[in-house]
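Working through the structure, step by step
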Amino acid sequence: MDLLPRSPGDFGSSRYWDRFFRQRGQRPFEWYGAFPELCPVLHKYVRPRDKVLVVGCGNSELSEQMYDMGMCEDIVNIDISDAVIRQMQERSGSKRPKMSYLLMDMLQMDFPDAHFQVVLDKGTLDAILTDEEEATLAKVDKMFAEISRVLQVGGRYLCVSLAQAHVLKKAVEYFSQEGWVVRVHQVAGSGDKQQFVLPVFVYVMTKFRKIPGSAPQILEICPEEQDKPMRVESAERLVAAVKDRQHYALLCSQLSKTPCGEQVSLDLCDKESRRPRYTLHVVDSPSVKPSRDNRFAIFITSCTSLPKTRKVLSLLVAAEHGSRCAVVPPRDVLPFPELLSWRWGWSLGDWAWPRLTAAPSVVPQGRETEWLFGTEEGRRQLAASAGFGRLVTVALHREQHYEGMAGIQAELSGKVMELAPPGLPARQQVPFLSVGGDIGVRTVQHCDTSPLSGEYVVEDVKGDGTSYFRRLIFLSNRNVVQSEARLLAPVPLTGQKKRRKDKKKASPAEPPTAIDKSYLCCEHHKAMVAGLCLLGGPNPLPGTPLAVLVVGLGGGSLPLFIHDYFSQARVAVVEIDPSMLEVATRWFGFSQGDRMRVHVSDGLDYVAQLAAEAPAQYDAIMFDVDSKDLTVGMSCPPPAFVEKPFLQKVKTILKPEGLFVLNLVCRDVRLKESVLATLREVFPLLYARRIEGEVNEILFCQPSPERRRDPAELGARARALEGDLRQPGRPWDSSYALADMVQAVKIL
């Protein structure tokens, strides 16, 4: 006979349960939640002298185990199945004289009011509340009313449940409205991944007298046995927090059984602030041949910038119980946020406790935006290069404080095994990797809120070696560096005497503060400057009078470079956000003068006004302006800047031999094709330069097709331009060549 019910309504039928227990026989049936896992929670709320009522007892061993362990003895068990009550009376009658089994419907109990200190329910509410039909909800209301009646004030209703959203919501709303304190515990699992996948919860509803006008409802959650309860503001928030844990349990179960085809991302959040503390990405490398030592590692990425050349990893070993660190001989690899919430393709609550099981990798602070750590393809290369079957990259967050690599390892080592790959040996040591063996340096210099750009920060981060960089980050898109500048090391004054050996040296960790205006940090800025070789005739461009319009100021490094290295250029900058002008001036060394003026205006309005009043006045127009609308698949520029009527106005204010340069960042393929088609309609000559490893594509647009240059001529003009820009006594960044920046330019 099939033991499954024909319909959910059978769960409330005594006939079904009589048939069920006769067929099953003497074997105990545990829905979920074995006594060893439930015991720590039950010990908190059940006292030896309590009178306990177990509703819907079935033939579970829970009451017997509580009795035998000395937790309490005065236990009354009730059930609607006569078959199971007879079975349990025979099984426990002589062994446990103080415990009784009664045939009784919990919807209509015979006990007097306030008769029990504890009512225990293991799966009964889940069995009854199978849907949200009116009849079902009425039955549950009657059940709750009877439980409330037989409990004393101060008594506890303990409900063991899988916490389906509608079940938890119903229980929380009912009892919180009655003035009870509601607390939800997550039961620690046995660690056996072959058992029930979903986590088990215990709702603890403590009865208080309902007083009109009393304090607002008290709702709490305990995600771990040793944790203090955390207050939540609403039933919806409590349900969401539980749902997060359920999703996480399913994720861990999936990761423990099969390799993940797509990268999985999780946020681990601080208990107090509920802000992300670590961001984890789980990356599997199917091409790596598994062995005992290369199944899993963690890579910690700190807050500096992504490496663009081969880097050295230091390896730290974390044991399953406790941790020890050992630096092993470095190996070359290709270039490449207490914790409670996580993200898996969507934003989840603040109490999930993800753990890792493969190689954990700590990204140095500030480097989490670099291509190797900040993109899926980069992390895939990092995992394959590191040689681990599963690599977990760990990015640190700017709002958090970290006690060095050892402190991070101590926080994560107890969590990582939940994300372990299939087949990881028991008690396997998991290596922690990082770039250079430290967690990087990040110093927030300034933070503020702009009415237009939202919250932003200016921070200094340590790069490779002794290099430091200053960055502007919009927190609405915190993984993108809005502007960046390299900082200059302080230069000793002429004639300054050397320090005496006995005097204390300056701290080597103290970062520089002066801006290196010769250095273009952004690859797309380098390409935009290199594209200026399309301008001009035989005369050296730097000495030729140029009128340049730049829309989008940011930190000001692009207009500053053009101003300083093109000595006859007059630069007009349009910036819609006055806060950005203040940031660029105060923190990025930007300044205005006779040849550099900033106009605080909407770029759309400014160009439209110029087109109407003063056409054909600019040799070069550059757009490097971000979009505030993150729902569009194009983050630069805003869509209105590439509509045909506006592009025609741009062409109007451009000289016939001029150059329009556009930084295009578009992930939507169809939208990108549409933008390119519109540009071709307005500008007959169109060049494109993809930025390797980034979404950016720099478009060089000219009004006249006769000015077309072949690749060889472009390279020659770029080399000539660089030769003219390099002047004795003027600093120059030798890390790139303008000719290299135009080498990959294609004519569309």
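Notes on the structure in this doc start here. Not measured: the values here are computed from a predicted model. (Residues numbered from 1 in each chain as written. Predicted model: local features only at pLDDT ≥ 70, side-chain atom pairs only at ≥ 80, totals over all residues. Heavy atoms only, no water.)

Helix and strand content of the chain: 19 helices and 31 strands. Taken across its 748 residues, the chain has 54% of its residues classed as buried. As displayed, the chain has an accessible area near 34,000 Å², and 51% of this comes from carbon and sulfur atoms. (Helix = DSSP H or I, 4+ residues; strand = E, 2+ residues; numbered from the N terminus. Buried < 20%, exposed > 50% of the residue type's maximum accessible area, 1.4 Å probe, protein only. Areas by Shrake-Rupley, 256 points an atom, 1.4 Å probe, with all protein chains shown as cover.)

Summed over all chains, the structure comprises zero disulfides. Here Cys-521 is not disulfide-linked; the sulfur of Cys-522 is the nearest cysteine sulfur, at 6.3 Å. With a relative accessible area of 6%, Cys-521 lands in the buried category. (Disulfide = S-S within 2.5 Å.)

Here the structure, examined in full by the defined rule, presents 17 aromatic pairs. Ring centres of Phe-144 and Tyr-174 lie 5.0 Å apart, and the angle between their planes is 55 degrees; on these two criteria the pair is classed as tilted. Taken together, the residues span a long stretch of sequence, with Phe-144 in helix H6 (residues 134-150) and Tyr-174 in helix H7 (residues 165-177) at a distance of 30 residues. An identical accessibility class is assigned to Phe-144 and Tyr-174; each is buried. By way of ring pairs, the aromatic residues Phe-144, Tyr-157, Tyr-174, Phe-175 and Trp-180 are connected into one cluster. (Phe/Tyr/Trp six-rings, centres within 6.5 Å; stacked < 30°, edge-to-face > 60°.)

Our next topic: the pattern of salt bridges. As enumerated under the stated definition, the model contains 24 salt bridges in all. For Asp-113, the salt bridge identified is with Arg-149, shortest N-O distance 2.8 Å. Remark: Arg-149 occurs in helix H6 and Asp-113 occurs in the loop between strand E3 (100-103) and strand E4 (116-122); sequence separation between them is 36 residues. Judged by its relative accessible area of 23%, Arg-149 is partly exposed. Taking the shortest distance from any N to any O, the salt bridge between Asp-619 and Lys-655 comes out at 3.3 Å. Of the two residues, Asp-619 sits in strand E26 (residues 618-623) while Lys-655 sits in strand E28 (residues 654-666), which places them 36 residues apart along the sequence. Taking relative accessible area as the criterion, Lys-655 reaches 24% and is therefore assigned partly exposed. In this structure, a network of salt bridges that share partners links the residues Glu-64, Asp-68, Arg-91 and Arg-96. (Salt bridge = Lys/Arg side-chain N within 4 Å of Asp/Glu carboxyl O.)

Pairing is mixed across the open sheet formed by nine strands, whose spatial order is E3-E2-E1-E4-E5-E7-E6-E8-E9. Of all the strands in the sheet, the pair left with one neighbour each is E3 and strand E9 (230-232). Looking at each pair of strands side by side, their axes are set apart by 20 degrees on average, direction ignored. Two strands pair when backbone bridges link them, and strand E6 (residues 181-186) and strand E7 (residues 201-206) are joined in this way by six bridges, in the antiparallel orientation. Bridging across to E7, Val-184 finds its partner in Tyr-203. Where H6 meets the sheet, it contacts strand E1 (52-55), E4 and strand E5 (151-161), and its direction lies at approximately 140 degrees from that of E5. Packed onto the sheet, helix H8 (residues 235-257) meets E6, E7, strand E8 (218-222) and E9 and runs at close to 10 degrees relative to E8. (Pairing = 2+ DSSP bridges. Axes fitted to C-alpha atoms, helices over the stretch in contact; angles between N-to-C directions. Contact = heavy atoms within 4.5 Å.)

This part is about a nonpolar patch on the surface. Taken together, the side chains of Val-197, Leu-198 and Leu-250 make up a nonpolar region of the molecular surface, amounting to roughly 200 Å² of accessible area. Its location among the elements puts Val-197 in the loop between E6 and E7. (Patch = residues over 30% accessible without salt bridge, like charges linked within 9 Å, V, L, I, M, F, W, Y side chains within 5 Å.)

Time to look at helix H13 (residues 557-565). Counting buried positions along H13 yields eight of nine residues, so the element is predominantly enclosed. Among the residues of H13, Ser-557, Leu-558, Pro-559, Leu-560, Phe-561, Ile-562, His-563 and Tyr-565 are the ones counted as buried.

What follows concerns H7. Taking 1.5 Å per residue, 13 residues should reach 18 Å; H7 reaches 18 Å between its end C-alpha atoms and fits that length. Residues of H7 that are buried: His-166, Val-167, Leu-168, Lys-170, Ala-171, Val-172, Tyr-174, Phe-175 and Ser-176. At the exit of H7 stands Gly-179, carrying a positive phi of roughly 90 degrees. (Expected span 1.5 Å × (residues − 1).)

Within the element layout of this structure, Lys-170 appears in helix H7. Of the residues examined, Lys-170 reaches a relative accessible area of 18% and is grouped as buried. Only 2.7 Å separates the side chain of Lys-170 from the side chain of Asp-141, close enough to count as a polar contact. Beyond its immediate sequence surroundings of up to four residues, Lys-170 is in contact with Leu-129, Leu-137, Val-140, Asp-141 and Phe-144. (Polar contact = N/O pair within 3.5 Å; in protein donor to acceptor, adjacent residues only side chain to side chain.)

Another aspect to go through is the sheet that holds strand E20 (residues 468-474). Pairing within the open sheet is antiparallel, and its five strands lie in the order E18-E19-E20-E21-E22. Each edge of the open sheet carries a strand with a single partner, namely strand E18 (442-450) and strand E22 (514-515). Of the pairings in the sheet, the one linking strand E19 (residues 454-462) to E20 comprises seven bridges and is antiparallel in character. Across the sheet, residue Val-458 finds its bridge partner in E20, namely Leu-472.

Mapping Ala-114 onto the fold places it in the loop between E3 and E4. Owing to a relative accessible area of 38%, Ala-114 belongs among the partly exposed residues under this scheme. Spatially, the C-alpha atom of Ala-114 lies 6.2 Å from that of Arg-149, the residues being 35 residues apart in sequence. Beyond its immediate chain neighbours, meaning those up to four positions away, Ala-114 contacts Arg-149, Val-150, Leu-151 and Gln-152.

It is worth spelling out the pairing of E28 at this point. Here E28 lies mainly inside the structure; 10 of its 13 residues are buried. Here E26 pairs with E28 via five bridges, running parallel. By the bridge assignment for E28, Ala-620 is matched with Leu-659. Two strands pair when backbone bridges link them, and strand E27 (residues 634-636) and E28 are joined in this way by two bridges, in the antiparallel orientation. Following the sheet pairing, Met-634 is matched in E28 by Cys-666.

The next point concerns the nonpolar core. Here is a general trend for soluble globular proteins: nonpolar side chains tend to be buried in one another's company. Within the largest apolar cluster, 48 residues are counted, with the highest numbers of intra-cluster contacts made by Leu-532 and Phe-566. The element best represented in this core is H13, accounting for five residues. Contact partners of Phe-566, with chain neighbours within four places excluded, come to Leu-532, Leu-541, Pro-542, Leu-546, Phe-561, Arg-595, Leu-721 and Leu-725. Counting residues in hydrophobic clusters, the runner-up holds 44 residues, among them Ile-78, Met-143, Phe-175 and Ile-221. (Core = buried A, V, L, I, M, F, W, Y, C linked by side-chain atoms within 4.5 Å.)

For the pair helix H16 (residues 644-653) and helix H17 (residues 669-682), the least separation of the axes is 10 Å and the interaxial angle reads 40 degrees. In terms of axis orientation, H16 runs oblique to H17. Seen along the crossing, H16 lies across H17 with a hand that is right-handed. Note on element contacts: H17 touches H16 through Thr-678, Leu-679, Glu-681 and Val-682, opposite Lys-644, Leu-647, Gln-648 and Lys-651. Residue classes in the contact of H16 with H17 are distributed as three nonpolar, two polar and three charged. (Parallel < 35°, antiparallel > 145°, perpendicular 65-115°, else oblique. Left-handed = near helix turned anticlockwise from the far one by under 90°. Nonpolar A, V, L, I, M, F, W, Y, C, P; charged D, E, K, R; others polar.)

So, about the pairing of E3. Here strand E2 (residues 75-79) runs beside E3; their pairing, made up of four bridges, is parallel. Residue Ile-78 lies in a different strand from E3, and its bridge partner there is Leu-102. Tracing the backbone out of E2, into helix H4 (residues 82-92) and back to the parallel element E3 gives a crossover that is right-handed. (Right-handed = clockwise from strand over helix to strand, strands pointing away.)

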